[in-house]
Amino acid sequence: LEHRLRAAGQALEEAKKDRKRQVAGLQVKLESADAEVAGLRSTQNNQRSEIESKLQVTAQQLELEKQQHTRQLAQLKADLEARELEHSKAANQSEELRKAVQAQERCMQRVRSEHEQQLEALKENLQAREVEHAKEVANQRAALQRTVQSQERSLGQVAEEAELARMNHAAEVAALDHR
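Residues numbered from 1 in each chain as written. Predicted model: local features only at pLDDT ≥ 70, side-chain atom pairs only at ≥ 80, totals over all residues. Heavy atoms only, no water.

### Considering the overall build of the protein
Thinking step 1. Tallying secondary structure elements over the protein gives one helix and zero strands in all.
Thinking step 2. Against the compact-globule benchmark of 16 Å for 179 residues, the protein has a radius of gyration of 74 Å, which places it well outside the compact range.
Thinking step 3. In terms of principal-axis extent, the alpha carbons of the protein reach across some 250 × 25 × 20 Å.
Thinking step 4. Sorting the 179 residues of the protein into buried and exposed places 0% on the buried side.
Thinking step 5. Total accessible area on the protein stands at roughly 16800 Å², and carbon and sulfur atoms take up 55% of it.
Thinking step 6. Charged side chains in the protein number 29 positive and 31 negative. The centres of these two groups are separated by 17 Å. (Helix = DSSP H or I, 4+ residues; strand = E, 2+ residues; numbered from the N terminus. Rg over C-alpha atoms; globule rule 2.2 N^0.38 Å. Buried < 20%, exposed > 50% of the residue type's maximum accessible area, 1.4 Å probe, protein only. Areas by Shrake-Rupley, 256 points an atom, 1.4 Å probe, with all protein chains shown as cover. Lys, Arg positive; Asp, Glu negative; His and termini not counted. Charge placed at Lys NZ, Arg CZ, Asp CG, Glu CD.)

### A word on the pattern of salt bridges
Thinking step 1. This structure, assessed with the given rule, holds five salt bridges.
Thinking step 2. Across the pair E95 and R98 runs a salt bridge, and its minimum N-O distance is 2.4 Å. Of the two residues, E95 and R98 both sit in helix α1 (residues 2-178), three residues apart, roughly one turn of that helix.
Thinking step 3. For R166, the salt bridge goes to E163, with nearest N and O atoms at 2.3 Å. With R166 and E163 both in helix α1, this residue pair falls three residues apart, about one helical turn.
Thinking step 4. Look at E163 and you get partly exposed, because its relative accessible area is 35%. (Salt bridge = Lys/Arg side-chain N within 4 Å of Asp/Glu carboxyl O.)

### Looking at the environment of A11
Thinking step 1. Turning to its location among the elements, A11 is positioned in helix α1.
Thinking step 2. A11 gets classed as partly exposed once you look at its relative accessible area, which sits at 45%.
Thinking step 3. As a C-alpha pair, A11 and E160 span 149 residues in sequence and 212 Å in three-dimensional space.

### Details of the environment of N168
Thinking step 1. Note on placement: N168 falls in helix α1.
Thinking step 2. Looking at N168, the relative accessible area reads 42%, which means it is partly exposed.
Thinking step 3. With 78 residues separating them in the primary sequence, N168 and A90 have C-alpha atoms 111 Å apart.

Interpretation note: all reported values are geometric properties and have no functional meaning in isolation.
Put into structure tokens, the structure is as follows:
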């Protein structure tokens, strides 16, 4: 019995030692696993910090780009509005110029029409004067012809009277010579 108790005690001791060895091995594995987990956590934390830092930088860059794009868009809108205003002014000036040209054309047409009317009136006046002048010339010619004819008759009468006087004078001279 003693022998068996001793053997059992030894077996129990061996089992305890074996158990201790197993527990020690497990503890080493557990510590190793804890260290690995801690390393992974540290790596993960580092990666997270790096990603967050990159995200922050990217967000800042995006914000800067957004601000820049907003400024560019505002500038483009301002340029567009300025060009539209310029275009509108140019269109207004073009319209005003077109109206001024039309007004000038109407004025010139009116002046041309007035000139044509004046020219027509002058032509009619000239024709009337020419007719009047022709009548006056015809009347003056007729009067001159009558005067010439009258003077010719007077001259003929004077010539006859002179011939008669000459003949009378010759007769008187002949009568005196006869005496």
